[in-house]
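Listed here are the chains, written in short residue letters.
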Amino acid sequence: CTALAVQARTLDDIKKDGKIIVATEGQFAPFNYFEGTKLTGFEVEVAELVVKKMGLKLEWKTLGFDALLTGLGQNRWDAVIASHGVTDERSKAGTFANPHYCSGGIIVAMDDKIRNAKDLTGKVVAVQTGTSYLENVQKIASIKDMKNFPTDVDARSALVSKRVDAWVTDRFVAKEVAAKNPTVGFKLGELVFVEQVASAVTKGNTGLADAWNKALAETMADGSYQAVSMKYFNEDVRCH
Ligand code: ARG
């Protein structure tokens, strides 16, 4: 360690303080978003259940998606929960907890002929910067162009205003957007890839990750996870 290095807070440090600091984005409904000034969403509620079982108070921070893992590496917060898919690249930067849901990136268009990766040939695709959607769309060599947006909501707007031909986002995000805006004409296509989604702690902070995993498993065993999942999705979104 250099003199300037800041150590991650251990589980003991956090327990002594009584409060864990968790960062999220707040612009990814129905997972993490604002209802007026109140931060809410499926994974916000799951985190609240988990932290309560850990016997801690929870202090939320909300930041741009891109800042979340960077700040974790700088120990500016103890954990992040913002629908991060578990990837090898991200695992180098942080330690993932066990997944709190399983999902995938889905193609959304206004034209029902754009359904799968092949149909994206010669098309312009919108994705949120820093996401697994970006990484996976990049692999589709036949696309004309990919446009990045600071939030997933901006990527969606680009589709609605026809600045792009398709938007790749989470399948549950897409389902909700389509259901809530039936007159807009969103057409849901196929999944481009699937992923496990998990919260993360500072790389190597395994004591904290273990405690989080134990509490998460309890919420999955006692019905409280399922109740929150049913409330948001009308199905249980845990990984099987
Ligand atoms: N699941 C995708 C990923 O792993 C998107 C996450 C976007 N999260 C957010 N809060 N906007 O990158």
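As shown above, the structure is provided for reference.
Let me begin by describing the structure that accompanies this report. Only a predicted model underlies this, so the values are computations on that prediction, with no experimental measurement involved.

The rules behind these values
Residues numbered from 1 in each chain as written. Predicted model: local features only at pLDDT ≥ 70, side-chain atom pairs only at ≥ 80, totals over all residues. Heavy atoms only, no water. Near = heavy atom within 4 Å. Polar contact = N/O pair within 3.5 Å; in protein donor to acceptor, adjacent residues only side chain to side chain. Areas by Shrake-Rupley, 256 points an atom, 1.4 Å probe, with all protein chains shown as cover. Phe/Tyr/Trp six-rings, centres within 6.5 Å; stacked < 30°, edge-to-face > 60°. Helix = DSSP H or I, 4+ residues; strand = E, 2+ residues; numbered from the N terminus. Buried < 20%, exposed > 50% of the residue type's maximum accessible area, 1.4 Å probe, protein only. Lys NZ or Arg CZ within 6 Å of the ring centre and 35° of its normal. Disulfide = S-S within 2.5 Å.

1. With respect to the site of the ligand
If you check the shell around the ligand, you find 14 residues, and the closest are E25, S83, G85, R90 and E195. N32 is positioned such that a nitrogen or oxygen atom in its side chain is 3.4 Å from a nitrogen atom of the ligand. Taking A82, its main chain carries an N or O atom lying 2.8 Å from a nitrogen atom of the ligand. Burial of the ligand by the protein amounts to 100% of the accessible area it has alone, namely 340 Å².

2. Some points on the packing of aromatic side chains
Under the defined criterion, the tally for this structure stands at 13 aromatic pairs. Both rings, one in F42 and one in Y225, keep their centres 5.6 Å apart while their planes meet at 80°; by these two values the pair is edge-to-face. On the criterion of sequence distance, the pair formed by F42 in helix α2 (residues 42–53) and Y225 in helix α9 (residues 224–233) is long-range, its members being 183 residues apart. What makes F42 buried here is its relative accessible area of 0%. On the accessibility criterion, Y225 (0% relative accessible area) is buried. In this structure, R171 is placed above the aromatic ring of F172, and the distance from its NZ or CZ to the ring centre is 4.5 Å.

3. Looking at the state of the cysteines
Considering all chains together, one arrives at one disulfide under this definition. With a sulfur-sulfur separation of 2.1 Å, C102 is cross-linked through a disulfide to C239. For the disulfide bridge between C102 and C239, the dihedral angle about the S-S bond is near 100°, and by the sign convention the bridge is right-handed. With a gap of 137 residues between them, C102 in strand β7 (residues 94–109) and C239 in the segment after α9 connect regions that are remote in the sequence. Residue classification places C102 among the partly exposed positions, given a relative accessible area of 25%. On the basis of relative accessible area, C239 is assigned to the partly exposed category, the value being 21%.

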